[in-house]
Amino acid sequence: MKFADKFIDLTTPRVMGILNVTPDSFSDGGQFHIKDNALRHVESMLKQGADFIDVGGESTKPGADEVTLSEELERTIPVIEAICQNFDTVVSIDTSKAVVMEEAVKAGAGLINDVRALQEPKALETAANLAKSHGVAVCLMHMQGSPSTMQLSPEYGDVIKEVTTFLSERKSACLSEGIKAEQILLDPGFGFGKSLEHNYQLLSQLGKLSPLSCELLVGVSRKSMIGNLLEREVDERLAGGLACAIYAIMQGAKIIRVHDVKESVDVVKTMNKIIECS
Ligand code: YH5
């Protein structure tokens, strides 16, 4: 699959390392320290075998405050420029804002990862223009509600059906704007407006998304669906997250978005060997 000027073979699954550039991840706040820490973290994730670095400047954790456009630009764009100047990797921009998408792609990003599936003002047309001009890919994620309230009372008739219908409609909207099917990734959005049961129902039936004919990206790393099930704090959720990632890969997921790159790459390599010898 093409991500601007780079090609990543998705025959076997790939690992996307998460790079948070939100203030809660860098309490000292200074721009130099943010960039310096970020580059160190990126170097380490790439050495561990990540193929993508997902840069996010908006905290979409349940209940988090919204960020302004200028804040999000200040946090993400200098970091993306620095990553692209120093490393050969695909940078993904985790944003819903059209202006951030545009500036991030100018700075070298190859993937637009939008938890709001290009539904914010100008996002769809902006992403479509960037797909045409730069060949960037887009990831469309499902969410019920908005980050501030989504976990208050998630409700579904049939969660897999509703997620499928939503992703299918957003894919169609992208196709109508001229984005090619081959440039679209889909993501069921674990933890985004879903109860514990909804998340595990969705994971158990992830394979039902394959008729949508787009590669799947999933993010379960350190999320509450693991913490609440196992009663584990954020730093004790690795094993649960890997179990979920393995199950997702077995149903066809091709990109795993994670904090713990080393362990996730070991999982992917081991699974590849099993399949190769089967
Ligand atoms: C995703 O699933 N998630 S940001 C709460 C946590 C831990 C982690 C401690 N962006 C996704 O990572 N993009 C985020 O509890 C995403 N798919 C895609 N495509 C939330 C996050 C997190 C939230």
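Data block above holds the structure.
A brief structural summary. These figures come from a predicted structure and were not determined experimentally.

## Some words on the pairing of strand β4 (residues 52-56)
Most of β4 is tucked away, with five of its five residues classed as buried. Sheet topology note: the strand β3 (residues 14-20)/β4 ladder contains five bridges and is parallel. Looking at the pairing, Ile18 lines up with Asp54 of β4. Pairing between β4 and strand β5 (residues 90-94): five bridges, direction parallel.

## What to know about the nonpolar core
Taken as a class, soluble globular proteins show a tendency for nonpolar side chains to be buried jointly. Ranked by size, the top nonpolar core spans 74 residues in total, and within it Leu19, Ile53, Ile83, Ile112 and Leu118 carry the most contacts. The leading source of residues in this core is helix α5 (residues 159-176), at seven residues. Apart from residues no more than four positions distant in its own chain, Leu118 is found in contact with Met101, Ile112, Ala123, Leu124, Ala127, Val138, Leu140, Arg170 and Cys174. Formed by 13 residues, the second largest nonpolar core is a distinct cluster that contains Met16, Val90, Ala137 and Leu185.

## Some points on the site of the ligand
Around the ligand sit 18 residues, and of these Asp94, Asn113, Asp187, Lys223 and Arg257 come closest. In this structure, an oxygen atom belonging to the ligand sits 3.5 Å away from a main-chain N or O atom of Arg222. Side-chain polar atom of Lys223 to an oxygen atom of the ligand: 2.6 Å apart, as the coordinates give it. Relative to its free-state accessible area of 530 Å², the ligand is covered by the protein chains to the extent of 90%. Among the elements of the structure, β7 (137-141) and β9 (215-219) are those that each provide at least two residues to the shell around the ligand.

What counts and how
- Residues numbered from 1 in each chain as written.
- Predicted model: local features only at pLDDT ≥ 70, side-chain atom pairs only at ≥ 80, totals over all residues.
- Heavy atoms only, no water.
- Buried < 20%, exposed > 50% of the residue type's maximum accessible area, 1.4 Å probe, protein only.
- Helix = DSSP H or I, 4+ residues; strand = E, 2+ residues; numbered from the N terminus.
- Pairing = 2+ DSSP bridges.
- Core = buried A, V, L, I, M, F, W, Y, C linked by side-chain atoms within 4.5 Å.
- Contact = heavy atoms within 4.5 Å.
- Near = heavy atom within 4 Å.
- Polar contact = N/O pair within 3.5 Å; in protein donor to acceptor, adjacent residues only side chain to side chain.
- Areas by Shrake-Rupley, 256 points an atom, 1.4 Å probe, with all protein chains shown as cover.

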